Amino acid sequence: MSKVLVTYFSASGVTAKLAERLAKAIGADLYEIQPEVPYTDADLDWMNKKSRSSVEMNDKSFRPAVANKVENMEQYSVIFTAFPIWWYVAPTIVNTFLEQYDLSGKTIIPLATSGSSGMGNTNKELAVSCPGAELKEGKRFPANASAEELKAWAEGFGI
């Protein structure tokens, strides 16, 4: 049986709860993508064009450093990657995370939290970071999505 990993980046804790619910519902391992320099509230102020998140998201080549790595990534065949939607796409730290590994032959499934934004250009922006992987179309969930809803969605991928 293939091993499944749920990874997540969560700036405020909302996405963390969703990822934890998904991992528990489908019996997957769970892994937090941690920035080398944690984000502060000021960093996350999207109204401030000079805030860290605004600067990072305005430069698509920017790759914030990740503080940790998944050990034995080769054991996973399916990787769910959860994150908040920033500027209609995944935060660039998700690109940094994906680019740390050879994901050839793996299935990558994005899922996101957002107050109202959809997935936007997320897959287009993530595709460059996981060459050789099968990048599935992701889905945005409300923060309070139930374990049953998440499990039913994941089962649609053969999980």
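Scroll up for the structure.
The notes below deal with the structure included here. Keep in mind that this is a model prediction, so the values were computed, not measured.

1. Observations concerning the pattern of salt bridges
Under the definition given, this model contains 5 salt bridges. The closest approach of N and O atoms between Asp29 and Lys3, which form a salt bridge, is 3.4 Å. Linking Asp29 in strand β2 (residues 29–32) with Lys3 in strand β1 (residues 3–8), this pair joins segments that are 26 residues apart in sequence. For Asp29, a relative accessible area of 30% gives the class partly exposed.

2. Describing a nonpolar patch on the surface
Residues Trp46, Met47 and Trp87 make up a contiguous nonpolar surface patch of roughly 400 Å² in combined accessible area. In this fold, Met47 is placed in the loop between β2 and α2 (52–58).

3. Focus: unusual backbone geometry
Its identity as a non-glycine residue notwithstanding, Trp87 has a phi of 55°, on the positive side. Take Trp87: it is sitting in the loop between β3 (76–84) and α3 (92–99). Judged by its relative accessible area of 32%, Trp87 is partly exposed. Positive phi is not limited to glycine here, since Tyr88 has a value of about 70°. Within the secondary structure, Tyr88 is located in the loop between β3 and α3.

4. A closer look at helix α1 (residues 14–26)
When the terminal C-alpha atoms of α1 are compared, their 19 Å separation across 13 residues agrees well with the 18 Å that a helix rising 1.5 Å per residue should span. Within the sequence span of α1, burial applies to Thr15, Ala16, Leu18, Ala19, Leu22, Ala23, Ala25 and Ile26. The secondary structure elements touched by the buried residues of α1 are β1, β2, β3, β4 (107–113), β6 (139–141) and α5 (147–155). Count one or two residues on from α1 and you reach Gly27, which has phi positive near 70°.

5. Structural notes on the pairing of β4
Across the 7 residues that make up β4, a large majority, 7, are buried. By the alternation rule, side chains of β4 split into Thr107, Ile109, Leu111 and Thr113 and Ile108, Pro110 and Ala112, which are all buried. Pairing between β3 and β4: 7 bridges, direction parallel. Note that in β4 the partner of Ile79 across the bridge is Ile108. Examined bridge by bridge, β4 and strand β5 (residues 134–135) share 2 bridges and lie parallel to one another. In the strand pairing of β5, Thr107 is matched with Glu134. For β4 and β6, the ladder comprises 3 bridges, and the chain directions are parallel. Bridge pairing in β6 links Leu111 to Lys139.

Calculation rules
- For every chain, the first residue of the written sequence is number 1, and numbering continues from 1 along that sequence.
- Given that the model is predicted, a residue must reach a pLDDT of at least 70 before its local features are reported, and side-chain atom pairs must reach 80 or more before they are shown or counted; all residues, however, enter totals for whole chains, interfaces and linings.
- To get the side-chain values, all heavy atoms of the structure are used, and hydrogens and water are removed first.
- Salt bridge criterion: a side-chain nitrogen from Lys or Arg within 4 Å of a carboxyl oxygen from Asp or Glu.
- The helix and strand labels rest on DSSP assignments: H or I over at least four residues marks a helix, E over at least two residues marks a strand, and numbering proceeds from the N terminus.
- Relative accessibility thresholds used throughout: buried, under 20% of the residue-type maximum; exposed, over 50%; partly exposed, between the two (1.4 Å probe, protein chains only).
- In this scheme, patches are assembled from residues that exceed 30% relative accessible area and form no salt bridge. Like charges are connected within 9 Å, while nonpolar side chains (Val, Leu, Ile, Met, Phe, Trp, Tyr) are connected within 5 Å.
- Each accessible area is a Shrake-Rupley estimate made with a 1.4 Å probe; only the visible protein chains count as cover when residues are assessed.
- The span expected for a helix works out to 1.5 Å for each residue beyond the first.
- In this analysis, two residues are considered to be in contact whenever any of their non-hydrogen atoms come within 4.5 Å of each other.
- The pairing criterion for strands is at least two bridges between them, as found by DSSP.

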